[in-house]
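# Coordinate analysis (summary)
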Amino acid sequence: MKTIILIWSAAFALSACTAAEVRPIPGSITYGGHQPRTKLTKAPVGSTFTNQITDEYGRQAIETYRIEPDRSLTLIRRDVIKDDFFGFD
């Protein structure tokens, strides 16, 4: 019984967590609220792709986009590429 309560408590706590919204920056495909002119008609809805950019601090970053049912794009993640050996920025 304690295990079930613990699992339900953990599930409830995790359901309250929301991911921070990733906002487009200059260089992002969707920066300024713009969407690509060409619709991604052959890509399956829900599929993702990446785009490499230089962020506002001059670092290389990879952005991940998801294709929505209306064929618009949603920026879901941005990861900074660490290019030095020791991981210092």
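For the structure, check the block above.
The sections below set out a description of the structure shown in this document. Since the model is a prediction, treat every value here as computed from it, not as a measurement. One numbering rule holds for all chains: residues counted from 1, following each sequence as written. Residue-level local features of this predicted model are given only where pLDDT is at least 70; pairs of side-chain atoms are given and counted only at 80 or more, and the full residue set underlies all totals for whole chains, interfaces and linings. Excluded from the side-chain calculations are hydrogens and water; all other atoms, namely the structure's heavy atoms, are used.

Moving on, we come to unusual backbone geometry. Phi at Arg71 is positive, roughly 70 degrees, even though this residue is not glycine. Strands are runs of DSSP state E lasting at least 2 residues, helices are runs of H or I lasting at least 4, and numbering of each runs from the N terminus. Along the chain, the position of Arg71 falls in the loop between strand 2 (60-67) and strand 3 (73-80).

By convention in these notes, a salt bridge is any Lys or Arg side-chain nitrogen within 4 Å of a carboxyl oxygen on Asp or Glu. Taken as a whole and judged by the stated rule, the model has 4 salt bridges. For Glu63, the salt bridge is made with Arg78, and the minimal N-O distance between the two is 3.0 Å. Placement of Glu63 in strand 2 and of Arg78 in strand 3 is noted, with a sequence separation of 15 residues between them. Exposure classes here rest on a 1.4 Å probe applied to the protein chains alone. A residue is buried below 20% of its type maximum, exposed above 50%, and partly exposed in between. A relative accessible area of 0% means that Glu63 is categorised as buried. Look at Arg78 and you get partly exposed, because its relative accessible area is 24%. The salt bridge partner of Arg77 is Asp79, with a shortest N-O separation of 2.7 Å. The exposure class of Asp79 is partly exposed, given its relative accessible area of 32%.

A few words now on the side chain of Ser72. Tracing the sequence through the fold places Ser72 in the loop between strand 2 and strand 3. A polar atom in the side chain of Ser72 sits 2.6 Å from the side chain of Asp70. Here, residues are in contact when the closest pair of their heavy atoms is within 4.5 Å. For Ser72, the contacting residues outside a window of four places in its chain are Gln35, Arg66 and Ile67. Residues adjacent in sequence count toward polar contacts only when both atoms are side-chain atoms; beyond that, a polar contact is any pair of N or O atoms within 3.5 Å, and within protein one must be able to donate a hydrogen and the other to accept it.

Before going further, it helps to examine the nonpolar core. Ranked by size, the top nonpolar core spans 5 residues in total: Val22, Tyr65, Ile67, Leu73 and Leu75. Contributions of two or more residues to this core are made by strand 2 and strand 3. Setting aside residues no more than four positions away along its own chain, Leu75 makes contact with Val22, Arg23, Pro24, Thr30, Glu63, Thr64 and Tyr65. The criterion is simple. A nonpolar core is a set of buried Ala, Val, Leu, Ile, Met, Phe, Trp, Tyr and Cys residues joined through side-chain atoms within 4.5 Å.

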